[in-house]
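Structure assessment
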There are 2 protein chains.
Amino acid sequence: MAPGRVQANLAILPRDLAFDFLLFCQRNPRPCPLLEVVESGEVEPRDFAPGADLRSDAPLYRVYEHGELTAEVTDLGEFWRDDLVSFLLGCSFSFETALIKAGMEMRHMTCDTTVPMFITNIPTSSAGVFSGPMVVSMRPIAQEQIVRAVQVTSRFPAVHGAPVHIGDPTAIGISDIYAPDFGEPVEFKDGEVPVFWACGVTPQAVAMSAKPPLMITHAPGHMFITDKMDEDLAVI
Amino acid sequence: MAPGRVQANLAILPRDLAFDFLLFCQRNPRPCPLLEVVESGEVEPRDFAPGADLRSDAPLYRVYEHGELTAEVTDLGEFWRDDLVSFLLGCSFSFETALIKAGMEMRHMTCDTTVPMFITNIPTSSAGVFSGPMVVSMRPIAQEQIVRAVQVTSRFPAVHGAPVHIGDPTAIGISDIYAPDFGEPVEFKDGEVPVFWACGVTPQAVAMSAKPPLMITHAPGHMFITDKMDEDLAVI
């Protein structure tokens, strides 16, 4: 969908939790790459999608109360409150496009599955009620393409940036590379090495485990599509 | 002082303004490159300077009440309150070191003057009570070194990053390159072009113009020296 456009993960929280969540993102920029914050009382991401309305312009939303999923809706009208602050977070689609352009196969795309994700033993830096381990996504990369994969994704710190780990899964607390915590396992070909990137599931998992009275997210795979192009986010 | 170590600008504000100021920094990463936020009730920058005490470990502080300078002290003991949130912001010293290593002369250092700074017509993105124009610093760079200057500073988005403008000062609202708003003017040699970087004076000027009941900063030139090395901040 909309190739080349920046797509965003959504996290919407009441204002009394917003400072701590903003601080959590600032302290953990690799798993929580903040694209834009829309203040309470506002619904338009003026920088990334001028004219859009966050209450209706993502294809599907999930509403959580005290950490429990209570509704899945295409319009947030009945749930919206004036004290809600919206966070748009970078998504791996952007750096995957860069990897594909650089000639790398995304195995989970070839197999039409969801990228395998793992809860690691890498701690995040906590902020207020928000804390927990970093979640990573994993892609098999050919040995001779690893340097290029690092270079290509380093250009995009706003969408997770360079890998957090290359190689031995046990070094970051992953005991079985074929048993992801989220998504589906993928096969490795000869000479391929697991490469791990910080994953946008981290802030959602961390926020959810804090069981806020109300939290709204996009539904998995139903991203908020912005007006910006991936290349707009490159630092070099 | 302490060459190669990351030095930080300090801005300390009451917690009720902290969300808006954090948001202002998130929205304006080039003039306001946030290194670390120390929450209310805490005084230790655990990431950048573990063991340090922000109340006494900068060489000199300035205390402002309602936008007016009311004290200059070496210890914040009598002014400290448990609701203060401290912001450590990146400083141009880090990217100047990178430019010098790449063989560029910093004219203001040769002349032992303060870098010339200008208020531009480039708006910042406002957040709550915080808004105002971007302040930039200017360095004359030889025509043939401009590409390298862009490359070298692009590696350091956490300390202002790449230039915001190269060449014609009037394009960003500067009418006289020899009449800076802050610092002192510098001479140009034949073939040199003015290159402008976002300046850390921006967040302080913006915060000050909001006239908060209390705001504490480091005194000019009396930076908070951290434990990290400039190279630790390079994205590539």
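Since we're looking at a predicted model, the values are computed, not measured.

Moving on, we come to the domain arrangement of chain A. Many analyses report the size of an interface as the accessible area lost when the parts associate. Residue and element names in this part refer to chain A. By domain assignment, chain A separates into domain 1 (5-91 + 203-233) and domain 2 (94-202). Summarising the inter-unit geometry, the C-alpha centres of domain 1 and domain 2 are found 22 Å apart. At the interface, 27 residues of domain 1 touch 26 residues of domain 2. Here domain 1 and domain 2 share an interface that buries about 2200 Å² over both sides, 60% of which is from carbon and sulfur atoms. The tally of links from domain 1 across to domain 2 stands at 1 salt bridge. Glu 231 is paired through a salt bridge with Arg 155; the nearest N and O atoms lie 3.0 Å apart. On inspection of domain 1 and its partner domain 2, the count reaches 11 residue pairs in polar contact (both at pLDDT 80 or more). For the side of domain 1 that touches domain 2, the secondary-structure elements that each account for two or more residues are strand S1 (5-14), helix H1 (15-27) and helix H5 (201-209). Its residues assigned to classes, the side of domain 1 that touches domain 2 shows 16 nonpolar, 6 polar and 5 charged.

This part takes up the pattern of salt bridges. Tallied over the full model, the rule gives 24 salt bridges over all chains. Note that Asp 20 of chain A is salt-bridged to Arg 15 of chain B, the shortest N-O span being 4.0 Å. Remark: Arg 15 of chain B occurs in helix H1 (residues 15-27) and Asp 20 of chain A occurs in helix H1; the pair is interchain, linking two chains. Its salt-bridge partner being Arg 27 of chain B, residue Glu 39 of chain A comes within 3.0 Å of it at the nearest N-O pair. One end of the pair, Glu 39 of chain A, is in the loop between strand S2 (34-38) and strand S3 (61-65); the other, Arg 27 of chain B, is in helix H1, on a second chain. Judged by its relative accessible area of 11%, Glu 39 of chain A falls in the buried class. One salt-bridge network, in which partners are shared between bridges, spans Glu 105, Arg 107, Lys 189 and Glu 192 of chain A.

Cut-offs applied
Throughout, a residue's number is its position along its own chain's written sequence, starting from 1. Following the order in which they are written, the chains are lettered starting with A and the ligands numbered starting with 1. Given that this is a predicted model, residues contribute local features only at a pLDDT of at least 70 and side-chain atom pairs are listed and counted only at 80 or more, while totals for whole chains, interfaces and linings are drawn from all residues. The basis for the side-chain values is all heavy atoms of the structure; hydrogens and waters are excluded. Where each domain starts and ends follows an automatic or database-derived domain assignment. What makes two residues a contact is simply this: any of their non-hydrogen atoms within 4.5 Å. Once two parts are joined, some of their accessible surface, as seen by a 1.4 Å probe, is lost; buried area is that loss totalled over both. Salt bridge, as used here, is a side-chain nitrogen of Lys or Arg placed within 4 Å of a carboxyl oxygen of Asp or Glu. Polar contacts here mean pairs of N or O atoms no more than 3.5 Å apart (in protein, one a potential hydrogen donor and the other a potential acceptor; neighbouring residues in sequence count only if both atoms are side-chain atoms). Strands here mean DSSP runs of E at least two residues long; helices mean DSSP runs of H or I at least four residues long; both are numbered from the N terminus. Under the scheme applied here, ten amino acids are nonpolar (Ala, Val, Leu, Ile, Met, Phe, Trp, Tyr, Cys and Pro), four are charged (Asp, Glu, Lys and Arg), and all others, including Gly, are polar. Relative accessibility under 20% of the residue-type maximum defines a buried residue, over 50% an exposed one, and the middle range a partly exposed one, all with a 1.4 Å probe and only protein chains included.

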